[in-house]
Amino acid sequence: MLYFYGRLAAKTEPELILDNVKIKIIVIGKTHKKFLEEGEREYLNRLQRYMQTEIVMIPDIKNAKNMTIDQIKEAEGKLILSKIEKGGLVVLLDEKGKEYDSVQFAKWTQERMNRGLKHITFVVGGPYGFSAEVYQAGQQKLALSKMTFSHQMIRLFFIEQLYRAFTILKNEPYHHQ
């Protein structure tokens, strides 16, 4: 697969080959709403045309009703950390992260891929956020909005934004300004 800078780069820049870059999205718990599952599947299928993308679902913590919020975050954190591959970029989707519009996010994505990374891991936390250990493992934080959304909705929104980023980079007619 060949990826071009699209409208974000000068015409003189070379095409970029990104066959070796893999995107992993780690999420907590199963999506319980059918319309969200369908949306995730739709945009994940679209995204596969551009980039090898994997969703890793960590099951909900058992007996969470008998645990404190900190205990839940610690248990989720251990499972998240076990799924993060070494040597790649780890990006936490966090309400305190940096915000971008869609074109800026496309440029951000392209810049990360230009670094020669083998994989980029995005992590969507559970309803209580991340443990301190996961925050330490995260090299960057992104926020999709100042508004609060359920962690299940964020999955769909984020997968769509990744798809949008690649259509922007390839100058395809999906994103309108």
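Residues numbered from 1 in each chain as written. Predicted model: local features only at pLDDT ≥ 70, side-chain atom pairs only at ≥ 80, totals over all residues. Heavy atoms only, no water.

### So, the layout of surface pockets
In this structure, the largest pocket occupies an estimated 430 Å³ of space. Elements that contribute at least two residues to the lining of the largest pocket include exactly strand S5 (89-99), strand S7 (140-143) and helix H5 (151-169). Of all the elements, S5 adds the most residues to the lining of the largest pocket, at four residues. Considered as a void within the structure, the second largest pocket measures approximately 190 Å³ in volume. Lining the second largest pocket are Val27, Lys30, Thr31, Glu37, Glu40, Arg41, Leu44, Ile55, Met57, Arg155 and Ile159. (1 Å grid on protein atoms, 1.4 Å probe; cavity = no way out; pocket = protein on both sides within 12 Å on 5 of 7 lines; lining within 4 Å. Points joined across faces, edges and corners; volume = space filled by probe spheres on them. Helix = DSSP H or I, 4+ residues; strand = E, 2+ residues; numbered from the N terminus.)

### Observations concerning the packing of aromatic side chains
How two aromatic rings sit relative to each other is given by the distance of their centres and the angle of their planes. All told, the structure shown has eleven aromatic pairs when counted by the stated rule. Between Phe105 and Trp108 the ring centres are 5.7 Å apart and the planes differ by 15°, which places this aromatic pair in the stacked class. Separated by three residues within a single helix, Phe105 and Trp108 lie in helix H3 (residues 102-113), roughly one turn from each other. Of the two residues, Phe105 and Trp108, neither departs from the other in class, the shared state being buried. (Phe/Tyr/Trp six-rings, centres within 6.5 Å; stacked < 30°, edge-to-face > 60°. Buried < 20%, exposed > 50% of the residue type's maximum accessible area, 1.4 Å probe, protein only.)

### Considerations on the sheet that holds strand S4 (residues 52-58)
What the five strands build is an open sheet, ordered S4-S3-S6-S5-S7; its pairing is parallel. If you trace the sheet from one side to the other, it starts and ends with S4 and S7, each paired once. When the angles between neighbouring strand axes are averaged without regard to direction, this sheet yields 30°. Across the sheet, helix H2 (residues 69-83) touches strand S3 (22-28), S4 and strand S6 (119-124), and the angle it forms with S3 is around 165°. (Pairing = 2+ DSSP bridges. Axes fitted to C-alpha atoms, helices over the stretch in contact; angles between N-to-C directions. Contact = heavy atoms within 4.5 Å.)

### A few points about the nonpolar core
Generally speaking, a soluble globular protein has its nonpolar side chains buried in company with each other. Within the largest apolar cluster, 34 residues are counted, with the highest numbers of intra-cluster contacts made by Ile23, Ile25, Phe122, Leu162 and Phe166. Within the residue set of this core, elements represented by two or more residues are S3, helix H1 (34-47), S5, H3, S6 and H5. With ten residues, the single largest contributor to this core is H5. Once you skip the residues sitting within four places of it in the chain, Ile23 turns out to touch Met51, Gln52, Thr53, Glu54, Met113, Ile120, Phe122, Leu162 and Phe166. Val56, Ile80, Val90 and Phe130 belong to the second-largest nonpolar core, a separate cluster that totals eleven residues. (Core = buried A, V, L, I, M, F, W, Y, C linked by side-chain atoms within 4.5 Å.)

### Section: the environment of Lys107
Within the element layout of this structure, Lys107 appears in helix H3. Sequence separation of Lys107 and Phe166 is 59 residues, and the distance between their C-alpha atoms is 9.6 Å.

### A look at a nonpolar patch on the surface
Side chains of Leu144, Met147, Phe149, Met153 and Phe157 sit close together on the surface and give an oily, nonpolar patch of about 420 Å² of accessible area. With respect to the helices and strands, the residue Phe149 is situated in the loop between S7 and H5. (Patch = residues over 30% accessible without salt bridge, like charges linked within 9 Å, V, L, I, M, F, W, Y side chains within 5 Å. Areas by Shrake-Rupley, 256 points an atom, 1.4 Å probe, with all protein chains shown as cover. Salt bridge = Lys/Arg side-chain N within 4 Å of Asp/Glu carboxyl O.)

### A closer look at the environment of Gly116
Inspection of the secondary structure assignment puts Gly116 in the loop between H3 and S6. By relative accessible area, which is 56% here, Gly116 ends up exposed. Taking C-alpha positions, Gly116 is 9.6 Å from Gly88, a pair spaced 28 residues apart along the chain.

### Observations concerning the side chain of Thr167
Mapped onto the fold, Thr167 is located in helix H5. By relative accessible area, Thr167 is classed as buried at 1%. Look past the residues within four positions of Thr167 in its chain and what remains in contact with it is Tyr50, Glu172, Tyr174 and His175.

### Quick word on the environment of Gln48
Tracing the sequence through the fold places Gln48 in the loop between H1 and S4. Judged by its relative accessible area of 31%, Gln48 is partly exposed. Each C-alpha atom of the pair Gln48 and Ile23 lies 10.0 Å from the other, and the pair is 25 residues apart in sequence.

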